[in-house]
Amino acid sequence: MTLLLIIIPFLAGAVAFFIRNDFVRRRLIVACSGIHLCCALVVGVKGAGVSLGRWFVFDAVGTIFLMITSVLFFGASMYGVSYLADESRQAHSRDERSRTFSPEAVFSGCFLLFLSTMTMVIAGQHMAIIWVGIEATTLASAPLLYFHRTKRSLEATWKYLLICSVGIAIALLGVFFLAVAQNNSSEMFVAAMVNNAATMNVPWLEAAFLLLFVGYGTKMGLAPFHTWLPDAHSEAPSVVSALLSGALLNCAFLGIVRAYQVCAAAGLAAYCRELFVVFGLVSIVCAAVFILGQTDYKRMLAYSSIEHMGIIVLGMGLGAGAVPGAIMNMLGHSLTKAGLFFVAGNILSHFKTKKIAAIHGLAAGQTWCLGVLWMGGFLLITGMPPSAIFMGKFLVLKEALSGGHYWVAFVFLAALALVFIGMARIFVAMTQGVAAQEEKRNNSRGAHAFWRLCVPAIFFIFVVCVGVYVPGWLASALGQAAKQLGGF
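Now for a description of the structure that goes with this document. For every chain, the first residue of the written sequence is number 1, and numbering continues from 1 onward in sequence order. Totals for whole chains, interfaces and linings use all residues, but because this is a predicted model, local features are given only for residues with pLDDT of at least 70 and pairs of side-chain atoms are given and counted only at 80 or more. Calculated side-chain values reflect all of the structure's heavy atoms, with hydrogen atoms and water omitted.

## Here we look at the nonpolar core
Here is a general trend for soluble globular proteins: nonpolar side chains tend to be buried in one another's company.
Then step 1. To qualify as a nonpolar core, a set must consist of buried Ala, Val, Leu, Ile, Met, Phe, Trp, Tyr and Cys residues joined through side-chain atoms within 4.5 Å. Between buried and exposed lies partly exposed: a residue is buried under 20% and exposed over 50% of the maximum accessible area for its type, with that area taken using a 1.4 Å probe on protein chains only. Among the nonpolar cores identified, the biggest contains 172 residues, and F209, I347 and W374 are the most heavily contacted of them.
Then step 2. It is helix α10 (residues 238–265) that contributes the most residues to this core, 18 residues altogether.
Then step 3. The contact criterion used throughout is that any non-hydrogen atoms of two residues lie within 4.5 Å. Every residue in contact with W374, bar those within four places of it in the chain, is listed here: Y297, M300, L301, L340, V343, A344, I347, L362, F427, M430 and T431. Secondary structure counts use DSSP, requiring at least four H or I residues in a row for a helix and at least two E residues in a row for a strand, with both numbered from the N terminus.

Here's what the structure looks like:
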């Protein structure tokens, strides 16, 4: 099962480059993502421990990440079929047929390779495998960012490649330091290092974690290493932005989690948590400040992702009861932010602009569905109850107060208030008012395609339902993952 989850999307992605028929290629994306989701559900039912030798194991933490990633990719594939059909009606250039691989073929192939590489990261139990997988996600996703082939998308792609590659290089140095920290042992499997943590060289281990945190934190989008993220999310197709924000950032976080497991076993949990708290708060505050002045709604959503990565890391730093809150927030953020990017893609298809000032009246006339989803997503992403995000933020705040970290709680609440104010200004301005006639004439058929509205609606409904009632199987999975990370 573990091998299938990695190999099937890899082979399908390689085949997609050579398929000439658009209909067949798009159905291949949906079929492969559906098979991946079915296999992921089997892993979830069986629980932690599904493995392929020592190299690839879906433990309690990995199972949660796998489920989120698989659901997101399946939803993105359903949304993407309509998106690609809409794009094909707006041909990129007249010389597309002369290319070896059409832009859509490159998109389809890299989409599936992206799924394969992220699955490899999630299942990987060897630090070198995790590093290779995270680097592979960069290479697989870069062509997706350049799909529109504009100057701005080219700039965003190069910035993404350059900054993330520097971060990955720093993480590689951290892997080397981790190997040195083991003294006479050459084991780089996470479980083996956890078992041998008592014999590891503490100064080398501290340095290794710091390098891994900075390296993978760059890919995760933590401030101040986040500079690639706003451009990439803004210029990428909305379906790609959803995957970058909802799945890729989680995978980078998983790299940090694996290093944290080793350090915690070696008695360095307090050292790691101090870093988590500091950079978590910095990320939340940084996002709040930039959201206040945004004029591009996709960039605004990108800074919201930076905020939520900060909340997740802050929850890990506070430990105990905040750990399940961090995991709950990660689940809610992934689905809600993906849904918001899907809706943003529909808005872009309708209005042909990403400028906030040029859009108004979403809740009026023929765009009322977009207005409802847009405002619904805003309420969820800012943590309004009932929602999984509200539960996650509440547990983080509760742990900060019960643990006596009052200054952390104050900064956390103040930053969340700024984020709410900044995002409310944008969402309300875009939703209220009357749509101008020229905006209605610019309507795209793809903007109202069933799946492009249904997928984000399903994601939002699920996030609300989890905020009201957590099913037993999900509560068990979240509890096991939290316990593995030192929470309860």
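## A short note on the packing of helix α13 (residues 322–351) against helix α14 (residues 368–381)
Then step 1. Between the N-to-C directions of two axes lies an angle of 0 to 180 degrees, each axis being a line fitted to C-alpha atoms and, for a helix, fitted only over the stretch in contact. Relative orientation of the contacting elements α13 and α14 amounts to 150 degrees, with a least axis distance of 10 Å. Viewed along their axes, α13 and α14 adopt a mutual orientation that is roughly antiparallel. Judged by the sense of rotation from one axis to the other, the crossing of α13 with α14 is left-handed. Contacts between α13 and α14 involve H333, T336, K337, L340, V343, A344, N346 and I347 on the former and, on the latter, L370, L373, W374, G377, F378, L380 and I381.
Then step 2. Class assignment for the residues of the contact of α13 with α14 results in ten nonpolar, four polar and one charged. The labels follow the angle: roughly parallel below 35 degrees, roughly antiparallel above 145, roughly perpendicular from 65 to 115, and oblique for the rest. Should the near helix be turned anticlockwise from the far one by less than a right angle, the crossing is termed left-handed; should it be turned clockwise, right-handed. The classification used treats Ala, Val, Leu, Ile, Met, Phe, Trp, Tyr, Cys and Pro as nonpolar, Asp, Glu, Lys and Arg as charged, and all other residues, Gly among them, as polar.

## A short note on helix α6 (residues 151–181)
Then step 1. By this rule the span expected of a helix is its residue count minus one, scaled by 1.5 Å. The terminal C-alpha atoms of α6 lie 45 Å apart, and with 31 residues this matches the ideal 45 Å at 1.5 Å per residue to within 8%.
Then step 2. Where α6 ends, the next residue or the one after it, N183, has phi of about 60 degrees, a positive value.

## Looking at the packing of α13 against helix α19 (residues 472–484)
Then step 1. The geometry of α13 relative to α19 is characterised by a closest axis approach of 9 Å and an angle of 125 degrees between their N-to-C directions. Judged on the interaxial angle alone, α19 and α13 are oblique. Once α13 is placed against α19, the crossing between them reads as right-handed. Residues V323, P324, I327, M328 and L331 of α13 touch α19, and the partners they reach there are L474, L478, A481 and A482.
Then step 2. Along the lines of polarity and charge, the residues of the contact of α13 with α19 split into nine nonpolar, no polar and no charged.

Geometric values such as these leave the question of function open.
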